[in-house]
Amino acid sequence: MKVSTHWLNDFIALDADAAALAERLTLAGLEVDEITPAAADFSGVVVARITDAQPHPDADRLQVCTVDAGNGEPLQIVCGAPNARAGLVAPLATVGGELQGDDGPFKIKQAKLRGVASHGMLCSARELGLGDSHAGLLELPEDMAVGADLREALGLDDQIIDIELTPNRGDCAGMTGVARELSVLYNCDWTPVQAADIAEASDLRRGISIEDGSDCPAYFGRVIEGVDASATTPVWLRERLRRAGLRPKTPLVDVTNYVLLELGQPMHAFDADRMRGDIVVRRGKPDEPLTLLNKGEIVLDEQALIIADDRGAIALAGAMGGDSTAVGKHTSNVFLESACFSPQAVAGTGRRYKIHSDALYRYERGVDPSIQRLALDRATELVQQICGGKAGPVTGTATSQAPRQVTLRAKQLARVLGGEVAAEQVADILSRLGFAPQPIDAGWACTVPPHRYDVTVEVDLIEEIARVVGYDNLPGAAQPVAQAFAAVPEAMAAERDVAGRLVARGYTEAITFSFVDAEADKLLGVGSTPIAVDNPIAQHMGVMRTQLWAGLLDAYKRNAARSQGRVRLFESGLRFKQGDGGMAQTRTLAGLAAGAVAPEHWTGAPPASDFYAVKADLDAVAAGLRAEKAGHPALHPGQSARLMLADTAVGWLGVLHPSVAKALDVPGAPVLFQLDLDALLGGSAPSYAPLDDQPTSRRDLALVVDEAVSAADLTACVRESAGPQLREVRVFDIYRGAGLPDTSKSMALGLIFQDKSRTLADDEIDAAVARVCEAAQSQLGATVRQ
């Protein structure tokens, strides 16, 4: 919201410069982004009138103008502007004056153009930094005093305060809202806008109906008959629009934009002759078409709130009008709309249809539902002043809404702010804010004004008191804060410890969006239907993720495209799915590894990341994690496994499936893992064990098994059958080749035995090995390799 300090003076008189106003507004929660001058720094420019204009003798596109600059001496100026004519009042940069050019300031000098002397320069808006137009001279009002300094005549020594409004302060999205706010902060009076009484001189009207009052609490309109849409918008109004960041267009559009800036009430002008029948505010129909003012063609649905006539949709409510009823220079009858659409009804409209407008900006934050008639009368007054016309009767309707009641307790106010604020001061602040406080036992009963959508509970009132008093002026001193530490089960590992172990293994933590592309989620998920996002911020972020791999793969692709050959990422976050009781959220740890296992080193090239390298990383993160052969649709069928803790499945590990990598345009073959974080953090409490003082004994055993038998299956069988003295099983070799059937393999195991209290005898160890061989033969069909 760009606020002109000169325009602000129409509503409130303050003895403070722009910097002081900006500081006070920022401390009150209306953050000021910057303060800029209203015009470029120029001098020596006066208001002048062209008294005569003759063709240049040696140039077809130039004119020799006689100009009255108010100093008694007519000046000869050579000008190439197409609108230069006798009687035109325009800015004149006199000899010695200074303007701003593309390469910095320059002085106006007497010159000759095609042999004709020129004593100054007639200026366009662009040459003065007052707009983008340079197609002709800036036309000034005919009654403007000739010879007056242009800066004074147009009030260009003005400052523009750019306020970055937060979504909860839609009440300050207009000049009157800012003036009202400053009147509270400076404890002074302000002057609201007063519209003139409008005489009804036309019988033209449009009926208005609203299907759902909760979508549109108020809608009013009026036909103005016989307007001159080709009239010129006055300079003062164009200047105010320009300083507010809006480009002047046509007088009818300029008036609606002016009222939007003045009152914070969006308006729209329809060409009444291009409308058919009465107006209805309703929801769109499936596949109903609408062409907008920007020529964009959209297809409506039941979520879209629209304005319609007998032929169909003519505007997207709260966002943009339709092209079929747009006003133009030939418009003679105009219908002015002044409405209040609820923030809930228009929420998501801009994102859904990729529209941004000043009207939508205000409706999403909330527009005062009590000012529509005032805005309509104000716009009618300005249209008649500029374009003429006869006003018809006002039609429309409004849904009465009971004001919200919020109670503020004095004790709660003192507790939150750290000290007491005088009751008289509290009541005065609430009154000036429009809350009409009524004293009750130990507090105040407040009625929330209609423009304050953001005040719903007691703490909102406390915030209002705090920001008006000033956060730097709050009562009381520093208060002690009791520290309470929740008990953490000894067996539970900390999430930061898990992250630290991965970082120590060379991984970098990533944070990605919870919204992902629906097609990518389908390829990477396990069949669960994702939850669709109602109003996605982008087309490729349409669903809530059912896995974390999509975001990590996107991050990997960006890194790979920037010549990062070694990428190791992990992320801890939520994944989502639809459950019987609503949305279920699962805390998840996921990761990706691509490229070399370790950074490049002079000792030699490290091996590439593969299934086993990443499994070793996970073993360092969680003890007891084992891989069980299983298939996942997004992982390579020969290089993937389900991860288990005890008998519980906790995740997946594997190389990305080649077909999925191709579909997602992922380079290489990255290794992915995903774990249920809560299961991972469960763990078991550490316990003390004395150092072993007995020797260990080792027996090596080679068993021939079928190719389908995994090392995990074999070691599990060994542990179950060997007895309590078996401390460790090591798989140290796997052999395939000569001497073995093609369908078999040999796995060499190292069995480590130990007793805690004595040295084991050889016959005890031999008996344990015999039990292992017997169990392996009976359960897995294994034979001892000779």
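Residues numbered from 1 in each chain as written. Predicted model: local features only at pLDDT ≥ 70, side-chain atom pairs only at ≥ 80, totals over all residues. Heavy atoms only, no water.

S.K.: Lay out the overall build of the protein with the relevant residues and their values.
M.R.: The secondary structure content of the protein amounts to 21 helices and 38 strands. Its C-alpha atoms give the protein principal-axis dimensions of about 130 × 80 × 60 Å. Here the protein, with 786 residues, has 47% of them falling under the buried criterion. Accessible area for the protein stands at about 38900 Å²; split by element, carbon and sulfur atoms hold 50% of it. (Helix = DSSP H or I, 4+ residues; strand = E, 2+ residues; numbered from the N terminus. Buried < 20%, exposed > 50% of the residue type's maximum accessible area, 1.4 Å probe, protein only. Areas by Shrake-Rupley, 256 points an atom, 1.4 Å probe, with all protein chains shown as cover.)

S.K.: Outline helix H11 (residues 410-417), supporting the account with residue identities and numerical values.
M.R.: Within the span of H11, buried status applies to Gln412, Leu413, Ala414 and Leu417. In this structure, the buried side of H11 is in contact with strand E23 (405-409), helix H12 (423-432) and helix H13 (458-469). Downstream of H11 by a residue or two, Gly418 has a phi angle that is positive, lying close to 85 degrees. (Contact = heavy atoms within 4.5 Å.)

S.K.: Requested: an account of the pairing of strand E29 (residues 567-579), with residues and values cited.
M.R.: Successive residues of a regular strand alternate their side chains across the two faces of the sheet. Two elements, strand E26 (residues 508-509) and E29, share 2 bridges in a ladder whose sense is parallel. In the sheet register, Thr508 faces E29, and the bridge partner there is Leu569. The pairing of E29 with strand E30 (residues 582-594) spans 13 bridges and is antiparallel. Counted as the bridge partner of Gly573 is Thr588 from E30. (Pairing = 2+ DSSP bridges.)

S.K.: Tell me about unusual backbone geometry, residues and numbers included.
M.R.: The backbone of Asp287 shows a phi angle near 65 degrees, a positive value even though the residue is not glycine. The exposure class of Asp287 is exposed, given its relative accessible area of 62%. The backbone phi angle of Asp665 is positive, close to 60 degrees, even though this residue is not glycine. Assignment of secondary structure puts Asp665 in the loop between helix H18 (658-663) and strand E34 (671-676).

S.K.: How would you summarise the sheet that holds strand E2 (residues 31-37) if you had to cite specific residues and measurements?
M.R.: Pairing between the strands of a sheet is mediated by backbone hydrogen bonds and can be parallel or antiparallel. Within the open sheet, the 3 strands sit side by side as E1-E11-E2. Their pairing is antiparallel. Of all strands in the sheet, those bounded by a partner on one side alone are strand E1 (2-4) and E2. For this sheet, the mean inter-axis angle between neighbouring strands, taken without regard to orientation, is 25 degrees. Note that E2 and strand E11 (residues 159-164) share 6 bridges and pair antiparallel. Paired with Thr36 across the strands is Ile160, a residue of E11. Lying on the sheet, helix H2 (residues 18-27) is in contact with E2 and E11; it crosses E2 at an angle near 165 degrees. (Axes fitted to C-alpha atoms, helices over the stretch in contact; angles between N-to-C directions.)

S.K.: Can you lay out the packing of helix H5 (residues 235-243) against helix H6 (residues 251-263) for me, pointing to particular residues and giving the numbers?
M.R.: Packing of H5 against H6 brings their axes to within 10 Å, and their N-to-C directions diverge by 55 degrees. Taken together, H5 and H6 sit at an angle that is classed as oblique. Regarding H5 and H6, the two cross each other, and that crossing is left-handed. Here Trp236, Leu237, Arg240 and Leu241 of H5 lie close against H6, whose contacting residues are Asp254, Asn257, Tyr258 and Leu261. (Parallel < 35°, antiparallel > 145°, perpendicular 65-115°, else oblique. Left-handed = near helix turned anticlockwise from the far one by under 90°.)

S.K.: Any details on the pattern of salt bridges? Residues and values, ideally.
M.R.: Tallied over the full model, the rule gives 38 salt bridges. Where Arg699 meets Asp766, a salt bridge forms, and the shortest distance between an N and an O atom there is 3.6 Å. Placement of the pair is Arg699 in strand E35 (residues 697-706) and Asp766 in helix H21 (residues 762-780), with a sequence separation of 67 residues. A relative accessible area of 23% means that Arg699 is categorised as partly exposed. For Asp766, a relative accessible area of 43% puts it in the partly exposed group. (Salt bridge = Lys/Arg side-chain N within 4 Å of Asp/Glu carboxyl O.)

S.K.: Tell me about the environment of Val421, and please be specific about residues and values.
M.R.: Residue placement: Val421 occurs in the loop between H11 and H12. On the basis of relative accessible area, Val421 is assigned to the buried category, the value being 14%. Remark: the alpha-carbon pair of Val421 and Cys216, spanning 205 residues in sequence, is separated by 40 Å. Residues contacting Val421, with those up to four places away along its chain left out, are Val426, Val469 and Pro475.

Keep in mind these numbers describe shape, not what the thing actually does.
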